[in-house]
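# Observations on the model geometry
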Amino acid sequence: DVKVTQSSRYLVKRTGEKVFLECVQDMDHENMFWYRQDPGLGLRLIYFSYDVKMKEKGDIPEGYSVSREKKERFSLILESASTNQTSMYLCASSFYYHRWETQYFGPGTRLLVL
Amino acid sequence: GQQLNQSPQSMFIQEGEDVSMNCTSSSIFNTWLWYKQDPGEGPVLLIALYKAGELTSNGRLTAQFGITRKDSFLNISASIPSDVGIYFCAGPTDSWGKLQFGAGTQVVVTP
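So, here's what we can say about the structure.

What counts and how
- Residues numbered from 1 in each chain as written.
- Chains lettered and ligands numbered in written order.
- Predicted model: local features only at pLDDT ≥ 70, side-chain atom pairs only at ≥ 80, totals over all residues.
- Heavy atoms only, no water.
- Contact = heavy atoms within 4.5 Å.
- Buried area = accessible area lost by both parts, 1.4 Å probe.
- Salt bridge = Lys/Arg side-chain N within 4 Å of Asp/Glu carboxyl O.
- Helix = DSSP H or I, 4+ residues; strand = E, 2+ residues; numbered from the N terminus.
- Patch = residues over 30% accessible without salt bridge, like charges linked within 9 Å, V, L, I, M, F, W, Y side chains within 5 Å.
- Areas by Shrake-Rupley, 256 points an atom, 1.4 Å probe, with all protein chains shown as cover.
- Buried < 20%, exposed > 50% of the residue type's maximum accessible area, 1.4 Å probe, protein only.
- Disulfide = S-S within 2.5 Å.
- Core = buried A, V, L, I, M, F, W, Y, C linked by side-chain atoms within 4.5 Å.
- Pairing = 2+ DSSP bridges.
- Axes fitted to C-alpha atoms, helices over the stretch in contact; angles between N-to-C directions.

Right, let's get into the interface of chain B and chain A. Listed as interface residues are 25 residues of chain B and, on the opposing side, 23 residues of chain A. Across the interface of chain B and chain A, roughly 2000 Å² is buried in total on both sides, 59% from carbon and sulfur atoms. At the boundary of chain B with chain A, the tally comes to 1 salt bridge. Looking at the side of chain B that touches chain A, the elements with two or more residues in it are β4 (32-37), β5 (44-49), β9 (85-92) and β10 (99-101) of chain B.

All names here are of chain A. Taken together, Val12, Leu112 and Leu114 make up a surface patch of nonpolar side chains, about 260 Å² in accessible area. Mapped onto the fold, leucine 114 is located in the segment after β11 (109-113). On the basis of relative accessibility, which here comes to 48%, the residue leucine 114 falls in the partly exposed class.

Working definition of a disulfide: a covalent bond connecting the sulfur atoms of two cysteines. All names here are of chain A. Under the definition given, this model contains 2 disulfides over all chains. Here cysteine 23 is linked by a disulfide to cysteine 91, with a sulfur-sulfur distance of 1.9 Å. Where cysteine 23 bonds to cysteine 91 through sulfur, the torsion about that S-S bond is close to -80°, and the disulfide is left-handed. Placement of cysteine 23 in strand β3 (residues 19-25) and of cysteine 91 in strand β9 (residues 87-94) is noted, with a sequence separation of 68 residues between them. An identical accessibility class is assigned to cysteine 23 and cysteine 91; each is buried.

What follows covers the nonpolar core. Membership of the largest hydrophobic core comes to 21 residues, with the highest contact counts inside it found for B:Met21, B:Trp32, B:Trp34 and B:Leu74. For this core, the elements supplying multiple residues, two or more each, are β2 (10-14), β3 (19-25), β4, β5, β7 (61-65), β8 (71-76), β9 and β11 (105-110) of chain B. Excluding residues that lie within four positions of it along the chain, B:Leu74 makes contacts with B:Val19, B:Ser20, B:Met21, B:Trp34, B:Ile47, B:Leu61, B:Thr62, B:Ala63 and B:Tyr87. Of all hydrophobic cores here, the second largest spans 20 residues; its members include A:Tyr47, A:Ile60, A:Phe74 and A:Tyr89.

A word on the sheet that holds strand β7 (residues 65-70) of chain A. Adjacent strands of a sheet pair through backbone hydrogen bonds, lying either parallel or antiparallel. Residues and elements named next belong to chain A. One open sheet holds the 4 strands; their spatial order is β1-β3-β8-β7, and the pairing between them is antiparallel. In the strand order of this sheet, the two ends are held by β1 (4-6) and β7, each with one partner. In this sheet, adjacent strand axes meet at a mean angle of 20° when their direction is disregarded. For β7 and strand β8 (residues 73-78), the ladder comprises 4 bridges, and the chain directions are antiparallel. Its bridge partner lying in β8, valine 66 is registered against leucine 76.

As a further point, take the side chain of B:Asp83. Residue and element names in this part refer to chain B. The residue aspartate 83 is located in the loop between β8 and β9 in this model. Residue classification places aspartate 83 among the buried positions, given a relative accessible area of 5%. Aspartate 83 has contacts with Lys36, Arg60, Ile76, Val107 and Val109, leaving out every residue within four places of it along the chain.

Scanning the entire structure with this criterion turns up 10 salt bridges over all chains. Between A:Lys53 and A:Glu69 there is a salt bridge, with the nearest N and O atoms lying 2.4 Å from each other. Of this pair, A:Lys53 sits in the loop between β5 (42-49) and β6 (56-57) while A:Glu69 sits in strand β7, placing them 16 residues apart in sequence. The same class applies to A:Lys53 and to A:Glu69, which are both exposed. Across the salt bridge formed by B:Lys36 and B:Asp38, the nearest N and O atoms sit 2.8 Å from each other. Several salt bridges converge on common partners, so that one network encompasses A:Asp28, A:Glu30 and A:Lys71.

Structural data, given as C-alpha cells:
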C-alpha cells in the first residue's frame, strides 16, 4: 500500500515563528504536492515538485517555500507564520508518468497560528 | 485559471436516500476525478473518468463525464452512515499532474 505520512496531525504556532511541515512517501514517486484546504475553497495548490531539488509554484505560493533534498521527502516552510495561514495542509504524491488518478494524499496537518 | 464549480455545498440526507452532486467547469477537461475525504483524513480517489459520455460505477457510486466535457456528476445510491464526508471533483490543469479541485460537497447522513 502506498503511504504518505505527514510529520504532525496538529500544530499550534505563534505569529512570526518559522514552521516546517514534513511529508514523506514510500513509493518512489517523482511528483509531490502541497495543498491547503479551507472550508468552501476546496484544495488549493501551494507548491509542487517533479524531481529532487525541483520546485514549481502552484496557485497560492505567497508566504510559503518548499524544499526537496531527497526524493521521498517534501517540506513546506512558512518563513514567518501569520494568522491567515491557519489551515489544513495536505501533502500528496504521484508517479510522473502515470495518469492523474494516482495522486495519493497524506492525512493532513491542521495548523493553528495564534 | 480554470474554475470548478461544485454543488451543492452541503447535503443533509437520511440513511437510504440517494445523493447527487455535480461539478461544472468554464473550460474543457480531458479527465474528471472524484475524491472522498473522510473526517480527519486525506482525500482518496473514488472514480476516474477519461472519455466524454463515460458512465462508471464503483459499488453504490456512479459518476458520469458530461458530453460537453465541461461537467461531471456523482451519484450515491442508498446512502449509509459511512458515506459521511466531503466529496471533491477534480481535473488536471496541465501535463505535470497538477489538479484543480472543486470546493467540495459535505455529505451528512442521519439515521
